[in-house]
Amino acid sequence: MNLTLIDWAIVLVVFSGMVISVNTTKGLMKSVTDFLSAGRAAGRYLLSISGGIAGLGAISTVMFLEMGYVAGFSLSWWGLSQGIIILFLTMSGWVIYRFRSTRCLTLSQFFEKRYSRKFRIFTGIVAFVAGIINFGIFPAVGAQFFIQFCGFPDYAFGLPVYPIVMILLLSIALYFVYFGGQIAVIIADFFQGIFAMFVLFIVVIYLFFTVSWEQVSEALENTPIQLAQEEIEKLNVDESFLILEDLDQKNRINEIEEKYANSSRINPFKTSHVEDFNLWYFIIGIIGIMYGSLSWQGQQGYSSSATSAHEAKMGSVLGGFRGFSQGLFFLLVPVIIYVFMNHPDYQSIADSVTQTLSKLETDTLRSQMRGPVVLSEILPVGLLGAFAALMLCAFVSTHDTYLHSWATILVQDVIMPFRKKPFDKETHLKVLRLSIFGVAVFIFLFSLLFQQNQKIALFFAITAAIFAGGSGAVIIGGLYWKKGTTPAAWTAMIVGAFISVGGVLVKQVSVEWLADVTAFTQLKTSLMYVRNINGQEYWGISMGASALSYIVVSLVTNTKPFNMDKLLNRGAYAPDDEKVIVKTNTGLGWKIFLISDEFTKSDKLIYILNYFWTGAWTLVFIIGTIYNLNNDVSDYAWMSYWKYYIFIHIVVSMITMVWFSIGGFKDLKAMMLRLKTAERDHQDDGWVARKD
């Protein structure tokens, strides 16, 4: 066991707080809308904090530690390239504002309103299948984290620990979402999110001042050189290399030196050989941010839980500020882990970690568990327990949210559209809970039996693209283009799903079978080529093909423009109780900055802060990129930049943690008051009146 009694006491206290927070929701859940969308009563800070921790998760933490270890600081520089795109999306309320305006409880309910009932069922099935496959590895990675981090044995009392840990963790998440649906999910995730912000920040501060900046620089600079030398030394005793001509030997050595010289974890302009997480990874990611807004439905309950479309938009805007301590953690901690594994001053820790990892069965698992094992070695008593408690919060918050989302989609968008009439309230809630239990059983069995064979981030990209590859075109076209048609939606979804499913299936083809060229040579060569396309690239291919097919088919089949005012509840169809006009005549200057008549003075201040912050870092990225393309910048200069970057984010993180804690508790109080006093419309359950 790695944790002391003090550490376990901290975990127990935090877990007790999680249970108490859920119990505060007793009596608040009175309708199907409450269960599905928290009665549409959540404010901006509540949505931002709860949605943030729900999107973190134990598996995401492991994923980012794995990615950061491979790419180092360089990963964050290219992340700045997304700033201007994210700024436009959040400030304009891209997709999220219009979707909330439809008052739909799920995305596929919107698809029925905009396209057809059959299309709703189809997309519901695709979203559900893609979602639970993606969700399927969550319990496995989360359980492995706790086993390695806490130092659990493989067996206890003759029973395997791995499935027992999964069952215990899933049971906690299942209890939370059973108790009060989306209301319980949001409130529990809020308290967990507050706790996570502070713990992540404390871990960053501790590690930042434990390891000297000189050690960080030495490890990041020298390790690639050492790896190149080791590979060349191995090559010099390889008989197949020794028989080559001198020129060929020199070319092989030059290739090795070039590979490691362009695998920098410091200089983002020398990363052409950083495996998978390179410039193309981010170019596709930038396109995907705009194209895929709202496509992934793992947190779909949050998309419809805001008190209004404006609050949904403001929650999205605030998300960038809320995540500072989290972003700091994923920037610095993987690099510190790299230092402990590669700097000679920490050789004893590296040896201990290597010995622990050697007991794991696969390279994939060893790669994923490297970060957790190192942290279990270096964090002190107390902070070790706090981090374990944080990961428990992250695991539960993601699992209760995803259990709710995928089970909801199954009931609302697959089962219910087949019915001739809607469920009564009690039956509806019962079916939702049974569906949640069924999803929990499935992901437990999937995690137990599925053999993962690639990095988590790439597995996510492939499985998400099964639905998101085609749905982006369908969502954007449906919300913004009156000429979009049902045949176009069908075409885009099928094209996206076909490309992405092919990407998933080809990854499961046995490497040993492909390596045997005694039969089916041409087929195996083709499959090997396709198999080498990573998940992010499959996502890019599916997005492009789906968008093009949607546009072409819409132009060919459109005969009558769609009534967008009715869909978006605006104009003559606008409800009286949601949109609050603060100032009827908003000046042109404000409108240029995407500030509308719904904005208060504090809303405007938040927008100005966001423009200033994002604009400043975008300017840094543009100037830095131009300068680096024309000059050779030293690693020393880059390390100075990263040091100041971290200092700035530490200061801003301290401010935002206090800011969001105050705003979050105010929103929590307001939501609970609304849920206690609001009248429920029990016909508001996701049912769409038949057109035929």
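Scroll up to find the structure this text is about.
Here goes a summary of the coordinates provided.

So, how was this worked out
- Residues numbered from 1 in each chain as written.
- Predicted model: local features only at pLDDT ≥ 70, side-chain atom pairs only at ≥ 80, totals over all residues.
- Heavy atoms only, no water.
- Salt bridge = Lys/Arg side-chain N within 4 Å of Asp/Glu carboxyl O.
- Helix = DSSP H or I, 4+ residues; strand = E, 2+ residues; numbered from the N terminus.
- Buried < 20%, exposed > 50% of the residue type's maximum accessible area, 1.4 Å probe, protein only.
- 1 Å grid on protein atoms, 1.4 Å probe; cavity = no way out; pocket = protein on both sides within 12 Å on 5 of 7 lines; lining within 4 Å.
- Points joined across faces, edges and corners; volume = space filled by probe spheres on them.
- Nonpolar A, V, L, I, M, F, W, Y, C, P; charged D, E, K, R; others polar.
- Axes fitted to C-alpha atoms, helices over the stretch in contact; angles between N-to-C directions.
- Parallel < 35°, antiparallel > 145°, perpendicular 65-115°, else oblique.
- Contact = heavy atoms within 4.5 Å.
- Polar contact = N/O pair within 3.5 Å; in protein donor to acceptor, adjacent residues only side chain to side chain.
- Patch = residues over 30% accessible without salt bridge, like charges linked within 9 Å, V, L, I, M, F, W, Y side chains within 5 Å.
- Areas by Shrake-Rupley, 256 points an atom, 1.4 Å probe, with all protein chains shown as cover.
- Left-handed = near helix turned anticlockwise from the far one by under 90°.
- Phe/Tyr/Trp six-rings, centres within 6.5 Å; stacked < 30°, edge-to-face > 60°.
- Lys NZ or Arg CZ within 6 Å of the ring centre and 35° of its normal.
- Core = buried A, V, L, I, M, F, W, Y, C linked by side-chain atoms within 4.5 Å.

The next thing to look at is the pattern of salt bridges. If you walk through the whole model with that rule in mind, you get seven salt bridges. The salt bridge involving Arg 680 is made with Asp 34; its shortest N-O contact spans 2.8 Å. Highlighted residues: Arg 680 in the segment after α30 (635–677) and Asp 34 in helix α2 (residues 32–37), separated in sequence by 646 residues. Among the salt bridges present, the one from Asp 565 reaches Arg 570, with a minimum N-O distance of 2.6 Å. Overall, the relative accessible area of 33% leaves Arg 570 in the partly exposed class. When salt bridges that share partners are traced, they join Arg 44, Glu 311 and Asp 603 into one network.

Over the atoms a probe the size of a water molecule is rolled, and this reveals where empty space is left. Scanning the model with the defined rule gives four cavities of 30 Å³ or more in all. If you add up the space inside the second largest cavity, you get close to 80 Å³. Along the walls of the second largest cavity sit Ile 49, Gly 52, Ile 53, Leu 56, Gly 193, Ala 196, Met 197, Leu 200, Arg 322, Ser 325 and Gln 326, which together make up its complete lining. Only α3 (44–71), α10 (161–210) and α17 (324–342) provide two or more residues apiece to the lining of the second largest cavity. Looking at the lining of the second largest cavity residue by residue, the classes come out as six nonpolar, four polar and one charged.

Here we come to the packing of α3 against helix α19 (residues 363–378). Look at α3 against α19: their axes get within 8 Å of each other, and the N-to-C directions meet at 95 degrees. The angle between α3 and α19 places the two elements in the roughly perpendicular class. For the pair formed by α3 and α19, the contact residues are Val 62, Leu 65, Glu 66 and Tyr 69 on the first element and Ser 367, Gln 368, Met 369, Arg 370, Gly 371, Pro 372 and Leu 375 on the second.

What follows covers the side chain of Glu 311. Of note, Glu 311 is situated in helix α16 (residues 309–322). In this structure the side chain of Glu 311 is engaged in a polar contact, spanning 2.5 Å, whose partner is the side chain of Arg 44. Once you skip the residues sitting within four places of it in the chain, Glu 311 turns out to touch Gly 43, Arg 44, Leu 47 and Ala 306.

Time to look at the environment of Thr 656. Within the secondary structure, Thr 656 is located in helix α30. Thr 656 gets classed as buried once you look at its relative accessible area, which sits at 4%. Separated by 333 residues in sequence, Thr 656 and Gly 323 have C-alpha atoms that sit 8.9 Å apart.

There is a patch of nonpolar side chains on the surface, built from Phe 437, Val 441, Leu 445, Leu 448 and Leu 449 and spanning about 470 Å² of accessible area. Along the chain, the position of Val 441 falls in helix α21 (residues 425–449). You can call Val 441 partly exposed: its relative accessible area is 37%.

This paragraph deals with the packing of α3 against α30. Look at α3 against α30: their axes get within 7 Å of each other, and the N-to-C directions meet at 110 degrees. Our classification of the angle between α3 and α30 gives roughly perpendicular. The crossing of α3 and α30 is left-handed. Of the residues in α30, those in contact with Arg 44, Tyr 45, Leu 46, Ser 48 and Ile 49 of α3 are Trp 659, Phe 660, Gly 663, Gly 664, Asp 667, Leu 668 and Met 671. Here the contact of α3 with α30 is built from residues that sort into seven nonpolar, three polar and two charged.

With that settled, the discussion passes to the packing of aromatic side chains. Per the stated rule, a full pass over the model turns up 54 aromatic pairs. Summarising the aromatic geometry, the rings of Tyr 45 and Trp 659 are spaced 6.4 Å apart at their centres and angled 70 degrees between planes, so their arrangement reads as edge-to-face. Of this pair, Tyr 45 sits in helix α3 while Trp 659 sits in helix α30, placing them 614 residues apart in sequence. Taking the relative accessible area as the measure of exposure, Tyr 45 reaches 12% and is therefore buried. Accessibility expressed as a relative area gives 23% for Trp 659, which makes it partly exposed. Geometrically, the ring pair formed by Tyr 45 and Phe 660 is edge-to-face, given 5.4 Å between the ring centres and 80 degrees between the ring planes. A residue pair is termed long-range when its members are at least 10 positions apart, and Tyr 45 in helix α3 and Phe 660 in helix α30 qualify at 615 residues. We classify Phe 660 as buried; its relative accessible area is 0%. Just above the ring of Phe 562 sits the side chain of Arg 114; from NZ or CZ to the centre is 4.3 Å. Over the ring of Phe 423 we find Arg 419; its NZ or CZ atom is 4.0 Å from the centre of that ring.

Here we come to the nonpolar core. Core analysis: the biggest nonpolar cluster contains 197 residues, and Phe 73, Phe 149, Val 216, Leu 375, Phe 387 and Leu 403 have the highest contact counts within it. Here the element with the most residues in this core is α10; it accounts for 27 residues. Beyond its immediate stretch of four places on either side in the chain, Phe 73 contacts Trp 213, Val 216, Leu 220, Arg 265, Leu 331, Leu 332, Val 335, Met 639, Trp 642 and Ile 646.

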